[in-house]
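# Per-entry structural report
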Amino acid sequence: MSEPLLSEDRGAVRVLTMNRPDKLNALNHALSQGLYDALWAAERDDAIAAVVLTGAGRAFCAGADISEFSSLTAEDPHAVAARADLTMNLHLAFSRMTKPVVAAVRGYAMGGGCGLALACDMVIASETAKLGYPEVKRGIVGAVVMPNLVRQVGRKVAFELLGLGEPVDAARAAALGMVNRVVPDDLLLDETVAIATTLAAMSRPAMAATKRLFHRVVELPLDQGLQAGRDTNMMMRSFRTKSHK
Ligand code: COA
């Protein structure tokens, strides 16, 4: 059986590829756990300064593996809780890591797959990308994906995506702020790695402090956000700065 997650280093960029192309990289337990472990392994590895997350084949990720749902029932609450914890912790990892993660999205990014893309710090999409949250059409809830979505696109658009369940194409996703850039399909990985390489070349303490502060200030009232910014402003005086000519 092939590995559900592939890992390849390109300089200081680790490329993680979800690798269940026959199932559109649906997130079964093994892939979810493997991705969670790989993100934290990248965070710990001094040779790595940025991560790219992508999918093998024609899709980024079609969300939770529906075929596993039948084993997750009220009859086994421990299994249900363990799986919910894994999904939550996976989505949380991106904002807890100090190294930037950039998604390279081709084809479908649905449900939990769209959630993973939006959990990344930047999203580069190919012209083939389709992003959406079809859960309600299946009688379930786009639940763990909801907090990131509503923070990033606002209430009206988030409710439209969750409530109607219709995917958006790459151009609309970019207009809605779900995607940073749209590139031709054949350039997707190279363009994404190039952006990740630029991020990786930045001062690591400055990038780590930027990410930490970024994820704090989006949650804080303005006065507390300014206070957190002030504290980081003082802390950064100890960084070794690059002189400019
Ligand atoms: N879980 C498990 N398997 C999935 C899957 C998922 N979320 N999404 C796709 N697959 C599998 C299909 O069962 C199919 O496998 P098979 O060839 O063994 O039958 C394979 O991936 C290809 O999918 P298919 O539906 O044939 O591709 P498509 O191009 O016609 O449609 C989608 C693509 C994304 C529209 C469709 O696969 C889909 O709606 N998937 C579910 C998306 C979803 O609801 N995600 C949220 C889950 S909570």
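Residues numbered from 1 in each chain as written. Predicted model: local features only at pLDDT ≥ 70, side-chain atom pairs only at ≥ 80, totals over all residues. Heavy atoms only, no water.

## What to know about the overall build of the protein
Counting secondary structure elements, the protein contains nine helices and nine strands. Relative to the compact-globule value of 18 Å for 245 residues, the protein shows a C-alpha radius of gyration of 18 Å, a close match. Principal-axis analysis of the C-alpha atoms places the extent of the protein at approximately 60 × 40 × 40 Å. Sequence-distant contacts, at least 24 apart, represent 70% of the contacts inside the protein between residues at least 6 apart. For the protein, the exposed area adds up to about 13100 Å²; of that, 57% sits on carbon and sulfur atoms. Here the protein contributes 27 positively and 26 negatively charged side chains, and the mean placements of these two sets differ by 7 Å. (Helix = DSSP H or I, 4+ residues; strand = E, 2+ residues; numbered from the N terminus. Rg over C-alpha atoms; globule rule 2.2 N^0.38 Å. Contact = heavy atoms within 4.5 Å. Areas by Shrake-Rupley, 256 points an atom, 1.4 Å probe, with all protein chains shown as cover. Lys, Arg positive; Asp, Glu negative; His and termini not counted. Charge placed at Lys NZ, Arg CZ, Asp CG, Glu CD.)

## Remarks on the sheet that holds strand β8 (residues 168–169)
Strand order in the open sheet formed by three strands is β5-β7-β8, and the pairing between neighbours is mixed. In the strand order of this sheet, the two ends are held by β5 (108–110) and β8, each with one partner. Sheet analysis places β5 next to strand β7 (residues 130–132), joined by three bridges and oriented parallel. Within the sheet, the bridge partner assigned to Tyr 108 lies in β7 and is Lys 130. (Pairing = 2+ DSSP bridges.)

## Quick word on the pairing of strand β1 (residues 5–10)
Here β1 runs beside strand β2 (residues 13–18); their pairing, made up of six bridges, is antiparallel. From the neighbouring strand, Asp 9 faces β2, where its bridge partner is Arg 14. Turn length for the β1-β2 hairpin, with the two strands adjacent in sequence and antiparallel, is two residues, and the turn residue Gly 11 shows positive phi of about 60 degrees.

## Quick look at the state of the cysteines
The bond known as a disulfide is covalent and runs between the sulfur atoms of two cysteines. Counted according to the given criterion, the structure contains zero disulfides. As a non-bridged cysteine, Cys 114 has Cys 61 as the owner of its nearest cysteine sulfur, 9.8 Å distant. Take Cys 114: its relative accessible area is 0%, and that puts it in the buried class. Unpaired in terms of disulfides, Cys 120 finds its nearest cysteine sulfur in Cys 114, a separation of 11 Å. A relative accessible area of 6% means that Cys 120 is categorised as buried. (Disulfide = S-S within 2.5 Å. Buried < 20%, exposed > 50% of the residue type's maximum accessible area, 1.4 Å probe, protein only.)

## A word on the environment of Ala 171
Here Ala 171 lies in helix α6 (residues 170–175). We classify Ala 171 as exposed; its relative accessible area is 53%. Taking the C-alpha atoms as reference, Ala 171 lies 8.9 Å from Arg 181; in sequence the two are 10 residues apart.

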